[in-house]
Amino acid sequence: MKHLALATGCLLATQAVAETPVLNVYTYESFTSEWGPGPQIEAGFEAECGCDVVFTGLGDGAALLSRVRLEGERSEADVVLGLDTSLMAQAKETGLFAPTSASADYDLPIAWTDETFVPFDWGYFAFVANVGEDHPSSFEALAASDASIVIQDPRSSTPGLGLLMWVKAVYGDRAPEIWDALSDNILTVTPGWSEAYGLFLDGEADMVLSYTTSPAYHIIAEGDETKEAVPFDEGHYMQVEIAGKLAASDQPELADAFLQYLLGAEAQGVLPETNWMYPAVMPEGGLAAGFNQVVTPDKALLLSPEEAQSLRDEALAEWQAALAR
Amino acid sequence: MAGRAGPLGRAAGGAAGLALVVLLVAPLVMTFLKAGEGRLPGPAEYGALRFTLVQATLSAILSVLVALPVARALARRRFPGRRLFVTLTGAPFLLPVAVAVLGLLAVFGARGWVNDLLGLAGLGPWRIYGLHGVVLAHVFFNMPLATRMLLQGWSAIPAERFRLAATLDLPPGQVFRLLEWPMLRQVVPGALAAIFAICLGSFSVALILGGGPRATTLELAIYQAFLFDFDLGRAALLALMQSGVVALAAVISLRLARMDGSGSGLGRERQRWDAPGGWRRALDCVWLVLAGLFLTLPLLALVLDGIGGLADLPARIWPAMGNSVAISLGCAALTVCLSLALSAPMARWSEGLGLMPLALSPLVLGTGYFLILNIWVSPARLALPVTLLVNTLMALPFCLRLIAPAWARAEADHGRLASQLGLTGPARLRWLLLPRMRGALGFGAGIAAALSMGDLGVITLFGSPERETLPLLMYRLLGAYRTDAASGAALVLLAMSFGIFFLFDRLGGRDA
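Residues numbered from 1 in each chain as written. Chains lettered and ligands numbered in written order. Predicted model: local features only at pLDDT ≥ 70, side-chain atom pairs only at ≥ 80, totals over all residues. Heavy atoms only, no water.

Chain B is annotated in an unreviewed UniProt entry as Thiamine transport system permease protein from Pseudooceanicola antarcticus.

Naming follows an unreviewed UniProt entry, where chain A appears as Thiamine ABC transporter substrate binding subunit of Pseudooceanicola antarcticus. The UniProt entry for chain A carries the following text under Subcellular location (unreviewed entry): "Periplasm". Listed in UniProt under the heading Sequence similarities (unreviewed entry), the comment for chain A reads: "Belongs to the bacterial solute-binding protein 1 family." (UniProt positions renumbered as here; feature names shortened; annotations may be inferred.)

Right, dumping it as structure tokens:
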């Protein structure tokens, strides 16, 4: 009897929980960490939706997409947050994502027309270096200099893939030649962003591939003004981070509401100083002063998702061939 | 030998072997089943295979070559703090990869201590990046394993033999030929194969220290197939290729290894009568000092680096530590049970089988389990149990390598007497085998616990909404620019991996 009572109790408890709808959001690891935007956005949306938001952190953007593809239509995820435009065409091809009603008046350097994915933040890739040193102002100048750089592997990291696209966007067919010239500047290649950035902070290399907004972290959170992003005359490639709703979601309205919340003033205000990227919609008060100190490129570069998709394999092969020598 | 295993032993071994085969083969099959269109491995993948073989072979040979004089010196010298020395120099093997790389760079990096010294001497900076860096790191990780395996071999030579050699006044050369060489023939192939297999799966160390795509290993090619191309078929094929190489190495090593011919002793306290003095003594001393510096300086650097970050650690460190300890203890218990079961038949097939998990990419293993679980339940809910399972499989080869020979030796030395006394089944295990295997059991459990503690592995693949382990916390701190706190977390991780190993090894007691 005791067991029966216990079992019934459990069953009732489960049902009570089931009455609160649950929104499952898959995102990359650093988004959901204590220091990322995850916790504040979760609390903010839960306050207005009467639902339970569950973030699941998974490696980075590429790992995220693989995961959704592995799960297919059986996925428990309602929203995937943290892919970027380089992965967007691939993500669409899976047919796992559904158009969303969420939209906003974006403050992006580019026009946004896609109806499946919404951009929630963005940044410029850049090499970050120590203030006070002489820095090259283009890839060609970098190749001619003896500065050492650490980059990420495009096969396992989204910034690494972004760099491939950056070189391709600037130099087109000359990309192999540029990689060839750069190969003696590349100290090493790491599997992910954090290893590369760690090597740079430890003084292993002169520069590291990161974002123009990285120095803002050091200024705002650490009061450290010794890091700066190096402006390149030829322009900077952008990373636009996107989120989308899964077609198989059992909470489609809630998912749309979440995406809309993500684009709202509250969430957008949280992103800059937790994710260290620019908000997709500028909050009314603007950004913290530290962001004014960072470089703003004159020219923004971005390949369309379709171009990025079609150039991916070729660009990777060129990169591998040049650096394997 | 196999004839002497009881029916119970054969049944236990058979069951464990079968479970192991299913656990290893099912994920591969599942990955193949799920594979859609893709391309076959091409020149890039064969290049990766070549580099993988070269670095793994070099790393294995060098690790064992360096370990030989060190283990010999340890076996025949007695000095204050020897036990501490043995334990400390074993530590790098237990270190999480990401942590160890930080320590190595603090010593060998551009601003490391070695370059500081070179700078004082007016010599140019030495760069660690390249094949030499990969091999250096692998020797750092694996030489401790080789040393411990060899040391166990040396201490397994019965003390009576050395006493006899001393009575006969045999010169060192003869002692080597008659006593040490037969032992080495038995132990060295196993050590080579184990280290070769470990280095085969290397991925981030090879990429970071190898200096770029030149240093692409098979494991990285698997990552590419899986993450970049989402080509599950190619990922599984590459994983199969990796398993094939390890299986080949395991077969060769088992063929080369010969059973110990030195017979049994009374297990008395070893006292080396042959330890020669003079220049040999000085040389032993040099080897010990060099090995000690090489293996402990990076650890020291990690400690110095991490102390400052301890204050920055978030409160979440506590539950993370709890989760890590739980996984680690579970992994130690499971691994030891599985190793005992596989040791019971005292057959080569079961020992060879136990090595196979080394051959499987954790990524493919994890993905396979993911696909299987996904049929019934959301895999994220089972992230911790699956982590436990994968960690157990990954630790099994090391644990089995220690326990199986100890079991065989106990049987060879005392089995006949036990059989005459009618000591069979569980009683034999309780009264004969377990007490004689204490050292190996403690060491094996310690290794399993420590390896599992430091493993980041599949938990990032599965993702877990709430549960956080210590390595995952460190990874998150790094991803959030919190480098100081991450160093602090690395230090905690180091202390815990090391502490739990030390505890088990102490419980095991006497050997070494």
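Asker: Just to check I follow, could you spell out the interface of chain A and chain B for this structure?
Answerer: Many structure descriptions define interface size as the accessible area lost when the parts assemble. Contacts between the two partners involve 53 residues from chain A and, on the opposite side, 56 residues from chain B. Carbon and sulfur atoms make up 59% of the surface buried where chain A meets chain B, a total of about 4800 Å² over both sides. It is Trp35, Leu70 and Arg155 of chain A that lose the most area in chain A upon contact with chain B, and together they represent 17% of the buried surface on that side. Along the contact surface separating chain A from chain B lie 2 salt bridges. Measuring nitrogen to oxygen at the nearest pair gives 3.4 Å for the salt bridge that ties Glu34 of chain A to Arg316 of chain B. In this assembly, chain A and chain B are joined by 14 residue pairs in polar contact (both at pLDDT 80 or more). Elements that contribute at least two residues to the side of chain A that touches chain B include exactly α2 (29-32), β2 (52-57), α4 (61-71), β7 (186-190), α9 (193-201), α10 (214-222) and α15 (305-324) of chain A. (Contact = heavy atoms within 4.5 Å. Buried area = accessible area lost by both parts, 1.4 Å probe. Salt bridge = Lys/Arg side-chain N within 4 Å of Asp/Glu carboxyl O. Polar contact = N/O pair within 3.5 Å; in protein donor to acceptor, adjacent residues only side chain to side chain. Helix = DSSP H or I, 4+ residues; strand = E, 2+ residues; numbered from the N terminus.)

Asker: For this particular structure, what's the right way to read the state of the cysteines?
Answerer: Following the criterion strictly, the structure yields 1 disulfide over all chains and no others. With its sulfur 2.0 Å from that of its partner, Cys49 of chain A forms a disulfide with Cys51 of chain A. Its torsion about the S-S bond being -85 degrees, the disulfide of Cys49 of chain A and Cys51 of chain A is classed as left-handed. Cys51 of chain A gets classed as buried once you look at its relative accessible area, which sits at 6%. Of all cysteine sulfurs in the structure, the one in Cys399 of chain B sits closest to Cys331 of chain B, which takes part in no disulfide; the separation is 8.7 Å. Sulfur of Cys337 of chain B: no disulfide; nearest cysteine sulfur belongs to Cys399 of chain B and is 9.7 Å away. (Disulfide = S-S within 2.5 Å. Buried < 20%, exposed > 50% of the residue type's maximum accessible area, 1.4 Å probe, protein only.)

Asker: I keep staring at the domain arrangement of chain A and nothing clicks. Help me out?
Answerer: All names here are of chain A. In terms of domain boundaries, chain A breaks down into domain 1 (21-122 + 240-285) and domain 2 (123-238 + 294-324). Placing a centre on the C-alpha atoms of domain 1 and another on those of domain 2 gives a separation of 25 Å. Contact with domain 1, which involves 19 residues of that partner, is made by 25 residues of domain 2. The junction of domain 1 with domain 2 conceals about 1800 Å² of combined surface from both sides, 66% of it contributed by carbon and sulfur atoms. (Domains from an automatic or database assignment.)

Asker: Would you explain the pairing of β7 of chain A in this entry?
Answerer: A regular strand carries its side chains on alternate faces of the sheet. Residues and elements named next belong to chain A. Across the 5 residues that make up β7, a large majority, 5, are buried. Direction of pairing for strand β6 (residues 149-152) relative to β7: parallel, over a ladder of 4 bridges. Counterpart to Gln152 in the pairing with β7 is Thr190. (Pairing = 2+ DSSP bridges.)

Asker: Looking at this model, I keep getting lost on a negative patch on the surface. Mind explaining?
Answerer: A surface patch of negative charge is lined by Asp202 and Glu222 of chain A together with Asp305, Asp312 and Asp484 of chain B. In this fold, Asp484 of chain B is placed in helix α22 (residues 483-508). (Patch = residues over 30% accessible without salt bridge, like charges linked within 9 Å, V, L, I, M, F, W, Y side chains within 5 Å. Areas by Shrake-Rupley, 256 points an atom, 1.4 Å probe, with all protein chains shown as cover. Lys, Arg positive; Asp, Glu negative; His and termini not counted. Charge placed at Lys NZ, Arg CZ, Asp CG, Glu CD.)

Asker: What is the right way to read the domain arrangement of chain B from this model?
Answerer: Residues and elements named next belong to chain B. What the domain assignment lists for chain B is domain 1 (1-34 + 313-512) and domain 2 (38-304). Centre-to-centre separation of domain 1 and domain 2, based on C-alpha positions: 21 Å. With 42 residues of domain 1 in contact, the opposing surface of domain 2 contributes 47 residues. Both sides of the domain 1 and domain 2 interface together cover about 4200 Å² of buried area, and 72% of this is carbon and sulfur. Note that Arg148 is salt-bridged to Asp505, the shortest N-O span being 3.5 Å. Here domain 1 is connected to domain 2 by 1 residue pair in polar contact (both at pLDDT 80 or more). Those elements that place two or more of their residues in the side of domain 1 that touches domain 2 are α1 (7-34), α15 (348-355), α16 (362-374), α17 (383-420), α19 (438-454) and α22. Sorting elements by how many residues they give to the side of domain 1 that touches domain 2 places α22 first, with 10 residues. Residues that form the side of domain 1 that touches domain 2 fall into these classes: 26 nonpolar, 7 polar and 9 charged. (Nonpolar A, V, L, I, M, F, W, Y, C, P; charged D, E, K, R; others polar.)

Asker: Can you help me understand the packing of helix α5 (residues 85-93) of chain A against α15 of chain A in this one?
Answerer: In a pair of packed helices, the angle between the axes and the distance between the axes together describe the arrangement. All names here are of chain A. Close contact between α5 and α15 brings their axes to 7 Å; oriented N to C, the two are set at 90 degrees. Of the possible angle classes, the one that applies to α5 and α15 is roughly perpendicular. Of the residues in α15, those in contact with Thr85, Ser86, Met88, Ala89, Gln90 and Glu93 of α5 are Pro305, Glu306, Ala308, Gln309 and Arg312. Here the residues of the contact of α5 with α15 are counted per class, giving 4 nonpolar, 4 polar and 3 charged. (Axes fitted to C-alpha atoms, helices over the stretch in contact; angles between N-to-C directions. Parallel < 35°, antiparallel > 145°, perpendicular 65-115°, else oblique.)

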